[in-house]
Amino acid sequence: MKALRGLHLHFEPSSGIAGDMAVAALVDLGVPPAVVTGAVKAMGVRGLRVAFGKRKRGAFVGKSFEVDWPGRHAHAHEHAHDEHEHGHHHHDHDHDHEHEHVHVHEHDHRDYAEVKRLLKKAKLEAEARDLAADIFERIAEVEAKLHGTKVDRVAFHEVGAYDSIADVVGIAAAIAYLQPASIGSLPPVVGTGRVRTAHGPVPVPAPATAALLIGIPIVPEGEGELTTPTGAAILAAVVDQFGALPPMAVRATGYGAGTKQLHDRPNVLRVIAGEPLGTPDLAAAPEVLLLEANIDDMSGELVAPLFDALAEAGAVDVWSAPILMKKGRPALQVSAMAPADAAPAVERAFFRNSTTLGLRRRRLERVVLARSFIKVATRYGDVRAKLAALDGEVLGAHPEFDDCRRLAARARVPVREVVAAAAAAASSWLAARGKRS
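Remember, predicted model here, so these are calculated numbers, not experimental data. (Residues numbered from 1 in each chain as written. Predicted model: local features only at pLDDT ≥ 70, side-chain atom pairs only at ≥ 80, totals over all residues. Heavy atoms only, no water.)

## Remarks on the overall build of the protein
- When helices and strands are tallied, the protein shows 13 helices and 21 strands.
- Residues counted as buried form 49% of the 437 residues belonging to the protein. (Helix = DSSP H or I, 4+ residues; strand = E, 2+ residues; numbered from the N terminus. Buried < 20%, exposed > 50% of the residue type's maximum accessible area, 1.4 Å probe, protein only.)

## Some remarks on the layout of surface pockets
- In this structure, the largest pocket spans a volume of roughly 880 Å³.
- In terms of lining residues, the largest pocket is bounded by 31 residues, among which Phe242, Gly243, Ala244, Ala283 and Ala284 are the most central.
- Listed by contribution, the elements that provide at least two residues to the lining of the largest pocket are β1 (8-12), β6 (182-185), β11 (241-242) and β19 (370-378).
- With three residues, the top contributor of residues to the lining of the largest pocket is β6.
- When the residues that make up the lining of the largest pocket are grouped by side-chain class, the tally is 18 nonpolar, seven polar and six charged. (1 Å grid on protein atoms, 1.4 Å probe; cavity = no way out; pocket = protein on both sides within 12 Å on 5 of 7 lines; lining within 4 Å. Points joined across faces, edges and corners; volume = space filled by probe spheres on them. Nonpolar A, V, L, I, M, F, W, Y, C, P; charged D, E, K, R; others polar.)

## Focus on the packing of helix α10 (residues 303-313) against helix α11 (residues 343-353)
- Two elements in contact, α10 and α11, have axes separated by 8 Å at closest approach and are oriented at 160°. Comparing their axes, α11 and α10 come out roughly antiparallel. Crossing handedness for the pair α10 and α11: right-handed. In contact with Leu306, Ala309, Leu310 and Ala313 of α10, α11 contributes Ala345, Val346, Ala349, Phe350 and Asn353.
- For the contact of α10 with α11, the per-class residue count stands at eight nonpolar, one polar and no charged. (Axes fitted to C-alpha atoms, helices over the stretch in contact; angles between N-to-C directions. Parallel < 35°, antiparallel > 145°, perpendicular 65-115°, else oblique. Left-handed = near helix turned anticlockwise from the far one by under 90°. Contact = heavy atoms within 4.5 Å.)

## Focus on the nonpolar core
- In this structure, Leu9, Leu26, Met43, Ile135 and Val238 are the most contacted members of the largest nonpolar core, which totals 71 residues.
- With 12 residues, helix α7 (residues 158-178) is the single largest residue contributor to this core. (Core = buried A, V, L, I, M, F, W, Y, C linked by side-chain atoms within 4.5 Å.)

## What about the sheet that holds strand β16 (residues 317-324)?
- The strand order β16-β17-β15-β18 describes an open sheet built from four strands, whose pairing is antiparallel. Strand pairing shows two members of the sheet lacking a second neighbour, β16 and β18 (360-365), which therefore form its edges. Adjacent strand axes in the sheet meet at a mean angle of 25°, parallel and antiparallel pairs treated alike. (Pairing = 2+ DSSP bridges.)

## What about the sheet that holds strand β20 (residues 381-390)?
- A sheet is described by the order of its strands in space; here four strands give the open sequence β14-β19-β20-β21, paired in antiparallel fashion. Among the strands making up the open sheet, the edge pair consists of β14 (279-280) and β21 (393-399).
- Relative to β21, β20 runs antiparallel, the two being bridged by six bridges. Residue pairing across strands places Lys386 opposite His398, the latter belonging to β21.

## Examining a nonpolar patch on the surface
- On the surface, Leu369, Leu390 and Leu395 cluster together into a nonpolar patch covering about 270 Å² of accessible area.
- Along the chain, Leu390 turns up in strand β20.
- Residue class for Leu390 comes out partly exposed when judged on its relative accessible area of 47%. (Patch = residues over 30% accessible without salt bridge, like charges linked within 9 Å, V, L, I, M, F, W, Y side chains within 5 Å. Areas by Shrake-Rupley, 256 points an atom, 1.4 Å probe, with all protein chains shown as cover. Salt bridge = Lys/Arg side-chain N within 4 Å of Asp/Glu carboxyl O.)

## A look at the packing of helix α6 (residues 126-147) against helix α9 (residues 229-238)
- Taken N-terminus to C-terminus, the directions of α6 and α9 make an angle of 125°; their axes are 9 Å apart at the nearest point. As summarised for this structure, α6 and α9 are arranged oblique, according to the angle between their axes. Viewed along their axes, α6 and α9 form a crossing whose handedness is right-handed. Of the residues in α9, those touching α6 at Leu131, Asp134, Ile135, Arg138 and Ile139 are Pro229, Thr230, Ala233, Ile234, Ala236, Ala237 and Val238.
- Here the contact of α6 with α9 is composed, by residue class, of nine nonpolar, one polar and two charged.

## Describing the environment of Ile135
- Locating Ile135 in the fold gives a position in helix α6.
- It is 6.2 Å that separates the C-alpha atoms of Ile135 and Ala237, two residues lying 102 residues apart in sequence.
- When near neighbours in sequence (up to four residues on either side) are disregarded, Ile135 contacts Val168, Ile171, Ala233, Ile234 and Ala237.

## Some words on the pattern of salt bridges
- This structure, assessed with the given rule, holds 14 salt bridges.
- Between Glu275 and Arg251 there is a salt bridge, with the nearest N and O atoms lying 2.5 Å from each other. Here Arg251 lies in strand β12 (residues 248-257) and Glu275 lies in strand β13 (residues 268-276), a separation of 24 residues in the sequence.
- Relative accessible area serves as the criterion here: at 30%, Arg251 is assigned to the partly exposed category.
- With a closest N to O distance of 3.4 Å, Arg405 and Asp402 form a salt bridge. Separated by three residues within a single helix, Arg405 and Asp402 lie in helix α12 (residues 401-411), roughly one turn from each other.
- Arg405 gets classed as partly exposed once you look at its relative accessible area, which sits at 47%.
- Several salt bridges converge on common partners, so that one network encompasses Glu221, Asp264 and Arg265.

## Considerations on the confidence of the model for the protein
- Summing up the model confidence of the protein, the mean pLDDT is 86 and the portion of residues at 70 or higher is 88%.
- Every residue in residues 76-108 scores below 50 in pLDDT, and together they form 90 contacts with partners more than four places removed in sequence or on other chains. (pLDDT = per-residue confidence, 0-100.)

## Structural notes on unusual backbone geometry
- Across the junction of Val204 and Pro205, the peptide omega takes the value 0°, indicating a cis bond.
- Phi at Gln179 takes a positive value of approximately 45°, unusual for a residue other than glycine.
- For Gln179, the location among the structural elements is in the loop between α7 and β6.
- Residue Lys327 is not a glycine yet carries a positive backbone phi of 65°.
- As for its placement among the helices and strands, Lys327 is situated in the loop between β16 and β17 (330-339).
- Since its relative accessible area comes to 78%, Lys327 is described here as exposed.

Pasting the structure below:
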């Protein structure tokens, strides 16, 4: 399985994500089960046992990650009403609000300080230990802030302690084994509605999950709670970039199955490993603002400087169209599309570099292909080419026109000749990479 190491890893939490699903998906991908079971055993938690099985969820068969410990079944029966109240969870023992069950007897929990001590003395690889510590720390800090306690005093109830140790240490060991060059993820589906907790009903995503996902794009759909705090902490700790699957040569896929059958989607988490094609471009914003102005009293000479100013201010696209305004006056409709954080600067650029007295604003959703860049050699020189991919499959390679124009001017040949040469070189590059996959 060494061929899986050093690749790009991409999570697809279209049914949400929980710790057990993430571990199972990576083992299904190709991580040897002994990597996970050995790491969990190294924690030295008496009676904690893990195993892998299979589950069919919807039309898909996925791997399951089973966690067992002394008294688990008696405890599950005692708290069976909680399961019903929580709705669709990925674990029959999970819910992953492990720190909210502080109402039970004191001997039934471990606090975060003890979990840290277990991690410190466990014989784990340094990378696995550090990642597990990072994930646990994220969860503990969020829970401490929510409940007004000291971080080290955050209590992991018996269920949460066994379960969380297995999930967090298992995922950390699996990722350390794969040594991915990069990790990406689709925005996680978090679910909808309300979930019952020890503190009463709370909206989905639950407080801990919402806090762990700050700054991360989410998809609020599906029934009940689909992304758990442990799943959210894993994504927050390991993912470099959220967005579509980048252009890549797929090497392996893995499916991790949740415990519950969901009514509207298969309850599986897919993970894909592949060799990235080119250098990934920054993920495009899924939401943008469209800023527009009708201008009928500005010299045409000022349009090009206006376009330049809008682009420099952060607009991702700028265009114009001829229109007729009242009294039959010819005019230009100038449009700029900008991410929300760049919109104020783009608005200022509009007012400073044109004669308009006002702007129209609209919020737009957009679907953008994942992109990356390669550099190909032609007899005129090196040219960058942009790869666009749908679900990782490259749909085309387009030479960068500015590169082609610069080389054409230097060689004193038509630009179309350089474009044709670059397109042929990009196609050959893709064909050679495809043969290796």
